[in-house]
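Overview (structure and organization)
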Amino acid sequence: MNDTHASALDRESGEAYFRDALGLLPISIVMLGERGQMLMVNPQTARLFGYECDELIGKPVELLVPGLHVDSHVPMRAGLLASQASGDRTALHELSARRNNGTEFQVEIGLNAFHFDDDSVTLAFIIDRTERFELERNRRDLAHLTRVSTVGQLASSLAHELNQPLTAILSNVQAAQRFLAADPIDLAEVREILNDIVQDDYRASEVIRRIRAVVKKGDLEVVSLDLAGIIRDVVLLVRSDAIVRGTRVTLDIEDDLPPVSGDKVQLQQVMLNLLLNAFDAMNDVPPVDRVVSVTLRRESNKMVCIATSDRGHGLTADKLDKIFKPFFTSKPQGLGLGLSISRTIIGMHRGRLWAENNIDRGATFFVALPVGNATEQDESRERP
Ligand code: ADP
């Protein structure tokens, strides 16, 4: 037996061992060639995607994971594995995968490039993330539902707030009709009335804009945010509710605060929940004392903190933590989800939400969030 023949046999039996080993592993593994073609596929992969192993050999990996683009002119290592170039060999890519029957599901893919004799190959580990994805979607739906139900509590006061400009528009239009019927027509008066109508229309659409901003449903949208703007928007949203309940809201916002990175709708949801809880906590307090103060300050180089303080009944020691558990409520109509969802949201923003009793009366809810714009945070997240 000559050397070439022996090494060919070695390689063949090496490949067979390798194939057997891949077959024994409990996860889906695909070996890819330089152009992303599938060289080896373990049975777990074939089962997960609804194929026979043989059907997949030689086919491009995009058949299984359409988003895993492989540039046919750029070898896999250079084109796909940018994360590995930065030394992060275990980076996972979250992508959408497609089964043989066309249904899509979420996967996480880890890629590892290495040399097999003289060939450069890549091992792709595919982890089925359907369950986690469903969980995430349920969490999002629940957060949305809670938001809609919270805004539902504001419905009557918002209807009242909308009714005002609409009534004003109607009476202004009637006045304009009377002026137009007169002879001579007082054009200056009509012009002024039209201006009033435009202003009232702006007021009405501003109310609608604020409602829509909060009940919006969508994927997590992480951008650089001005927290002060978010707080002011929510305070405006609850303005009429505060008036109906005889409550004042004071704002104390430090100037020139750096942006935070996060999802606007979700942070609005947290603020909305904290404010409405503070209103509820003061239901039995004499109207002169019904004040909620919201402060926004820089806490350190890295954090800003919102404190929402009320003068209500406060929290008993055992409640300080319990209130953040799902379905804990002391209100007859309460869902008990607001604070638990708020804590999850703030946690996802790498911040902290907690409550303390005030020295004199009532409670303060603190939301500490890291500063930094969206891009900076993405970069630091990618660092190992
Ligand atoms: P819900 O408002 O539906 O009860 P939350 O999760 O928002 O759900 O709140 C849970 C519980 O925490 C409330 O029922 C109340 O007992 C308590 N709580 C929340 N905010 C305050 C507050 N500002 N002061 C006193 N207790 C509060």
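Here, every reference points to the structure presented above.
Per chain, residue numbering runs from 1 following the sequence as it is written. The predicted origin of the model limits local features to residues at a pLDDT of at least 70 and limits the giving and counting of side-chain atom pairs to 80 or more, whereas totals for whole chains, interfaces and linings rest on all residues. As a rule here, side-chain values cover all heavy atoms of the structure and leave hydrogens and water aside.

Here's the deal with unusual backbone geometry
Residue Pro184 is bonded to the preceding Asp183 through a cis peptide linkage, with omega at 0°. In this fold, Pro184 is placed in the loop between α7 (155-181) and α8 (187-215). One non-glycine residue with positive phi stands out, namely Asp256, at about 50°. Helix and strand assignments come from DSSP, with helices taken as H or I runs of at least 4 residues and strands as E runs of at least 2, each series counted from the N terminus. Mapped onto the elements, Asp256 comes out in the loop between β7 (248-253) and β8 (260-262). Here the phi dihedral of Arg350 falls at roughly 60°; this positive angle occurs in a residue that is not glycine. Positionally, Arg350 belongs in the loop between α13 (338-348) and β11 (352-357).

Structural notes on the sheet that holds strand β10 (residues 303-309)
Taking strand neighbours across the sheet as the criterion, the 5 strands line up as β7-β9-β10-β12-β11 in an open arrangement whose pairing is mixed. The sheet terminates laterally at β7 and β11, the two strands that pair on one side only. Along the sheet, successive strands turn relative to each other by an average axial angle of 15°, direction set aside. In this structure, β11 lies alongside strand β12 (residues 363-370), joined through 6 bridges in antiparallel fashion. Looking at the pairing, Glu356 lines up with Thr364 of β12. Contacts are assigned to residue pairs with any non-hydrogen atoms lying within 4.5 Å of each other. Fitting a line to C-alpha atoms yields each axis, with helices limited to the stretch in contact; the angle taken between N-to-C directions then spans 0 to 180 degrees. Sitting on the sheet, helix α9 (residues 227-237) touches β7, β9 (291-298), β10 and β12, and the angle it makes with β7 is about 170°. Against the sheet, helix α11 (residues 264-281) makes contact with β7, β9, β10, β11 and β12, and its axis sits at roughly 145° relative to β9, the strand it touches most. Strands qualify as paired when DSSP identifies two bridges or more between them.

Side note on the packing of α9 against α11
Interhelical geometry of α9 versus α11 gives an angle of 50° and a closest axis separation of 9 Å. Here α9 lies oblique to α11, going by the angle between them. Two packed elements cross with a definite hand, and for α9 against α11 that hand is right-handed. Mapping the contact onto sequence places Leu227, Ile230, Ile231, Asp233, Val234, Val235 and Leu237 in α9 and Lys264, Leu267, Gln268, Met271, Leu272 and Leu275 in α11. Classification convention: Asp, Glu, Lys, Arg as charged; Ala, Val, Leu, Ile, Met, Phe, Trp, Tyr, Cys, Pro as nonpolar; all other residues, Gly among them, as polar. Here the contact of α9 with α11 is built from residues that sort into 10 nonpolar, 1 polar and 2 charged. Roughly parallel refers to an angle under 35 degrees, roughly antiparallel to one over 145, roughly perpendicular to one between 65 and 115, and oblique to any angle outside these ranges. Left-handed is the label given to a crossing in which the near helix is rotated counterclockwise from the far helix by less than a right angle, and right-handed is the label when the rotation is clockwise.

Comments concerning a nonpolar patch on the surface
Within this analysis, patches are made of residues with over 30% relative accessible area and no salt bridge. Like charges are joined at 9 Å or less; nonpolar side chains (Val, Leu, Ile, Met, Phe, Trp, Tyr) at 5 Å or less. Accessible surface area values rest on a Shrake-Rupley calculation with a 1.4 Å probe, where residue burial reflects the displayed protein chains alone. Basic side-chain nitrogens of Lys or Arg form a salt bridge, by our definition, when they fall within 4 Å of a carboxyl oxygen of Asp or Glu. Together, Leu180, Ile185 and Leu187 make up an exposed nonpolar region whose accessible area comes to about 280 Å². In this fold, Leu187 is placed in helix α8. A residue is classified by how much of its surface remains accessible, and Leu187, at 54% relative accessible area, is exposed. Exposure classes here rest on a 1.4 Å probe applied to the protein chains alone. A residue is buried below 20% of its type maximum, exposed above 50%, and partly exposed in between.

What to know about the packing of aromatic side chains
Where two aromatic rings form a pair, the distance of their centres and the angle of their planes describe that pair. Pairing of aromatic side chains requires ring centres within 6.5 Å, counting the rings of Phe and Tyr and the six-membered ring of Trp. Pairs whose planes differ by under 30 degrees are stacked, by over 60 edge-to-face, and all others tilted. Tallied over the entire structure, the rule returns 3 aromatic pairs. Ring geometry for Phe49 and Phe105: centres 5.4 Å apart, planes at 55°, overall tilted. Note that Phe49 is positioned in helix α2 (residues 43-49) and Phe105 in strand β4 (residues 104-116), a separation of 56 residues in sequence. Accessibility assignment for this pair places Phe49 and Phe105 in one class, buried. Pairing Trp354 with Phe366 gives two aromatic rings, centres 5.0 Å apart and planes at 20°, and the pair type is stacked.

Some remarks on the site of the ligand
A cutoff of 4 Å decides nearness: a residue is near a molecule or strand if any of its heavy atoms lies inside that distance of it. For the ligand, the set of nearby residues contains 20 residues, the closest of which are Asp310, Thr329, Ser330, Lys331 and Leu339. Two N or O atoms form a polar contact when they lie within 3.5 Å of each other; inside protein one atom must be a possible hydrogen donor and the other a possible acceptor, and for residues adjacent in sequence the pair counts only when both atoms belong to side chains. Asp310 has a polar side-chain atom sitting 2.8 Å from a nitrogen atom of the ligand. Taking Gly336, its main chain carries an N or O atom lying 2.9 Å from an oxygen atom of the ligand. Compared with its free state, where it exposes 540 Å², the ligand has 95% of that area covered by protein. Only α11 and α13 provide two or more residues apiece to the shell around the ligand. Tallying contributions element by element places α11 first for the shell around the ligand, with 4 residues.

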